[in-house]
Amino acid sequence: MHEFSRKEAQAMQLDTPVQYLKNVGPRTAERFARLGIRTVADLLAHYPRRYIDYSNAGGVAAAPFDTETVVRAFVYAKEPMRRLPGGRTLQRVQAGDGDAALSLAWFNNPYAADKLEVGQEYWFQGRVTGTLTRREMANPLVRTQAQVTKAPLEPVYPQTEGLPSWRISQAVTAALEAVGQLEEPLPPALLTKYRLPGRAEAVRAIHRPRSAEEAAGARRRLIFEELLTLQLGVNLMKSRGAGQTGARMGRVDLEPLWRSLPFAPTGAQRRAAGEIAADLRGPAPMNRLLQGDVGSGKTLVAAAAVYIAARSGWQSALMAPTEILAAQHARSLQAMLGPLGVQVALLTGGMKAAPRRQTLKAIAEGQADLVVGTHAVIGAGVEFARLGLAIVDEQHRFGVRQRGLLAAKADSPHLLVMSATPIPRTLGLLIYGDLDISILDELPPGRKPVKTYYTTSIKRRDMYGFLNKQIEAGHQVYVVCPLIEQGENSGEEMQAAADYRDKVAAPLLPGRRIGLLHGRMKPKEKAAVMDAFKAGELDVLVSTTVIEVGVDVPNATVMVIENAERYGLSALHQLRGRVGRGAAESCCILISDHDSESVRERLRFLCSTSDGFAIAKYDLEHRGPGDFFGSRQHGLPVLQIADLMTDTRALYAAQEEAGAILRADPQLQREENQPLARAVEHLFERAEGTMN
Ligand code: ADP
Ligand code: MG
């Protein structure tokens, strides 16, 4: 056991591990770690989810049924403890307030009534059940007058196994006592302007509010602080790449590109390419998001941008989220641009040393006009001769940090981000600031919408009969495998996918060629399987979600998704977008045995529409912003208290104030801004820790 000396106690700092707090030992500290809480600062930022309000509890008669509530009542009588069949104990206490009686019951809590005194008044928290003539409350929490006076609003913390809210609360109390003065990052003028409490006061009040108003004020302050910090951080990183671009490009005729294609570009593709061309000629670095539903043809627009850059003498880099996609992009861009004299190079992690060295040399010496790869392309060891344009496919995997890296890689190159997922305006502004958006709102002609069906596993055999017919007709089929429940490490993922192929798909499709793709495979192996599928050497591709984005095999006409309930609608829509790319009628079959009404409704909604924007909106409204805007998707830090979707007003205010602060002190170097600079550092450090 760690003995605490006086000196150490005084030295209790925000970065002290929680383990050194009173009543917290190494075991409890491990549980805290499961909640992401390692230091005293983390603990103080673990805000209550809600409060139990003991401050204006009513009488028994007025209490609503079947809802969490608090009632005041006097204890009339304590009954002897009973043992129920099965060994459980039951302790009953009769209570009431003159108007109505309340029968309290505790199961398996033999000491619950010990501290209650007959004739005394208590506050009971729980759900009232029973009837108007016989009200009951099972396993209520009990508080005395003294307790309620001291803590009228009791915090309820997000908890974890072995670490209930009250234990967290206890540790928070110790932390509040142990830390000294909390640093105030907000300038005094802002506190006055927005009538916000100071940081020390707000942190105390959010954990131990004396009234609901106090709690609300504390929340408001902490939300504002978090959003301001976020804005400052994002703007600081952006400013590193802002100003003038070193890569001014010329006017380039796109007709040779358009004419070389086997099809005519859509109006939307032409328009987007025109907008990009104008940006590339301008003095400032382009910062453009290209949004278009799956299959809208974003790759061609990217090709147009690369073409302009190459004709103007600049190199381009295109980053994809996976090596499979990078390889595919390299192939299709090579097909479009190679004949026009644009040199395309693919850089992957799996390359042998010699070809890799050769490729790096071609990039460094400027023979490669376009380099395609994963994010490693902007990593260390890749030197460009004159990088002028960076393109990122599927923007939600590209973090704010990485954009900083990119800006450092060359003299403020132009940036084009491509995404199938629409992001709301507020969030776009937050992530990109002066972001411009081009939208591909037109699908190439002749596309038939993918018919989507939703069924349960009882129909699996019939469905496989249908798959067999499709294969008979010369088509190909994707099957996205069930995910595994627990600890999704890639070993289990591999096992689940292999099991599915061997035990489900193979017996139901005798004689068919079934390929397997999962996250555990080496990039080379994955590429080989993908190539075989593309070449028509496989009839079926059983895979985990590694094919989620971007893969393009026009001959594939069926997408089967097992355990469809596990995915957000946007992810399902992406998966569905893998089929319907050729002339033949395509379909997507969602399989789910989940019987909750909300899941069924969600899947039915997907069957009813193919509008990616409507789907993203539905996801947002029904799954909560957490899933959609998590740091993984947008590279933003995880926020502790603010909500980007609902705290819009605070977001705008923070945006304005961050702008003002940075205009006066662009790098946040002034003495008085140091606490703010430290807060920014802290927020983004935590983000690094949680990304990947
Ligand atoms: P996404 O926007 O999902 O990235 P892709 O760029 O992969 O879409 O394009 C999807 C498919 O549509 C590809 O096979 C591509 O060759 C084809 N395509 C793109 N533009 C057109 C067009 N204007 N006319 C016909 N087919 C097109
Ligand atoms: Mg794509």
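Cut-offs applied
Residues numbered from 1 in each chain as written. Chains lettered and ligands numbered in written order. Predicted model: local features only at pLDDT ≥ 70, side-chain atom pairs only at ≥ 80, totals over all residues. Heavy atoms only, no water. Pairing = 2+ DSSP bridges. Helix = DSSP H or I, 4+ residues; strand = E, 2+ residues; numbered from the N terminus. Axes fitted to C-alpha atoms, helices over the stretch in contact; angles between N-to-C directions. Buried < 20%, exposed > 50% of the residue type's maximum accessible area, 1.4 Å probe, protein only. Salt bridge = Lys/Arg side-chain N within 4 Å of Asp/Glu carboxyl O. Contact = heavy atoms within 4.5 Å. Disulfide = S-S within 2.5 Å. Core = buried A, V, L, I, M, F, W, Y, C linked by side-chain atoms within 4.5 Å. Domains from an automatic or database assignment. pLDDT = per-residue confidence, 0-100. Parallel < 35°, antiparallel > 145°, perpendicular 65-115°, else oblique. Left-handed = near helix turned anticlockwise from the far one by under 90°. Nonpolar A, V, L, I, M, F, W, Y, C, P; charged D, E, K, R; others polar.

Caption draft 1: Examining the sheet that holds strand β14 (residues 387-393) more closely. Spatially, β12-β13-β11-β14-β15-β10-β16 is the arrangement adopted by the seven strands of the open sheet, whose pairing is parallel. On the outer flanks of this sheet lie β12 (344-347) and β16 (436-440), each paired with one strand and no other. Along the sheet, successive strands turn relative to each other by an average axial angle of 20 degrees, direction set aside. Where β12 meets strand β13 (residues 370-373), four bridges bridge the pair, whose relative direction is parallel.

Caption draft 2: Region of the structure containing unusual backbone geometry. Positive phi values are uncommon outside glycine, yet Asp 66 reaches one of about 55 degrees. Its location among the elements puts Asp 66 in the loop between β1 (50-53) and β2 (68-78). Residues other than glycine seldom take positive phi values, yet Leu 668 does so here, at roughly 55 degrees. Relative to the assigned elements, Leu 668 resides in the loop between α24 (648-664) and α25 (674-690). Judged by its relative accessible area of 4%, Leu 668 is buried.

Caption draft 3: Structural context of the pattern of salt bridges. Within this structure, the stated rule accounts for 30 salt bridges. A salt bridge links Lys 22 to Glu 177; the shortest N-O distance between them is 3.9 Å. Of this pair, Lys 22 sits in the loop between α1 (6-10) and α2 (26-34) while Glu 177 sits in helix α5 (residues 165-178), and the two are 155 residues apart along the sequence. Given a relative accessible area of 57%, Glu 177 falls into the exposed group. A salt bridge links Asp 531 to Arg 331, with the nearest nitrogen and oxygen atoms 3.1 Å apart. On the criterion of sequence distance, the pair formed by Asp 531 in helix α18 (residues 523-534) and Arg 331 in helix α12 (residues 323-337) is long-range, its members being 200 residues apart. Exposure remark for Asp 531: the relative accessible area of 35% places this residue in the partly exposed category. Judged by relative accessible area, Arg 331 falls into the partly exposed class, the value being 39%.

Caption draft 4: Spotlight on the sheet that holds strand β19 (residues 514-517). Taken in spatial order, the six strands line up as β17-β22-β21-β18-β20-β19 in an open sheet, and their pairing is parallel. Single-partner strands in this sheet number two, and they are β17 (451-455) and β19. Strand-to-strand twist across the sheet, computed as the mean angle between neighbouring axes with direction ignored, equals 15 degrees. The pairing of strand β18 (residues 476-480) with strand β20 (residues 540-543) spans four bridges and is parallel. Along β20, the bridge assignment pairs Val 480 with Ser 543. Those strands touched by helix α16 (residues 460-472) are β18, β20, β21 (556-561) and β22 (587-591), and its axis lies near 160 degrees from that of β21. Running over the sheet, helix α20 (residues 597-608) touches β17 and β22 and is turned about 160 degrees from β17.

Caption draft 5: Layout of the state of the cysteines. All chains considered together, the criterion is met by zero disulfides. Considering cysteine sulfurs only, Cys 588 is the nearest to Cys 607, which forms no disulfide, with 7.8 Å between them.

Caption draft 6: Spatial organisation of the nonpolar core. Leu 337, Tyr 478, Ile 561 and Leu 572 are the most contacted members of the largest nonpolar core, which totals 76 residues. For this core, the leading source of residues is helix α11 (residues 298-311), giving eleven residues. Residue-level mapping places this core at the junction of two domains, with at least three residues from each of domain 3 (255-440) and domain 4 (451-609). Filtering out sequence-adjacent residues up to four positions away, Leu 572 remains in contact with Ile 561, Ala 564, Tyr 567, Leu 590, Leu 603 and Leu 606. Membership of the second largest hydrophobic core comes to 54 residues, among which are Leu 190, Leu 228, Leu 236 and Ile 661.

Caption draft 7: Region of interest: the confidence of the model for the protein. Per-residue confidence for the protein averages 85 on the pLDDT scale, and 87% of its residues sit at or above 70. Note that pLDDT drops below 50 for residues 1-10; the model gives that stretch six contacts with residues more than four away or on any other chain. Contacts of residues 485-490 to residues separated by more than four positions or lying in other chains number five contacts, the stretch itself having pLDDT below 50.

Caption draft 8: Inspection of the packing of α12 against α18 at higher detail. Packing of α12 against α18 leaves a shortest axis separation of 9 Å and a crossing angle of 50 degrees. Of the possible angle classes, the one that applies to α12 and α18 is oblique. Relative to α18, α12 is oriented so that their crossing is right-handed. Facing Glu 323, Ile 324, Gln 328 and Arg 331 of α12, the residues of α18 in contact are Pro 523, Lys 526, Met 530, Asp 531 and Lys 534. Taken together, the residues of the contact of α12 with α18 sort by class into three nonpolar, one polar and five charged.

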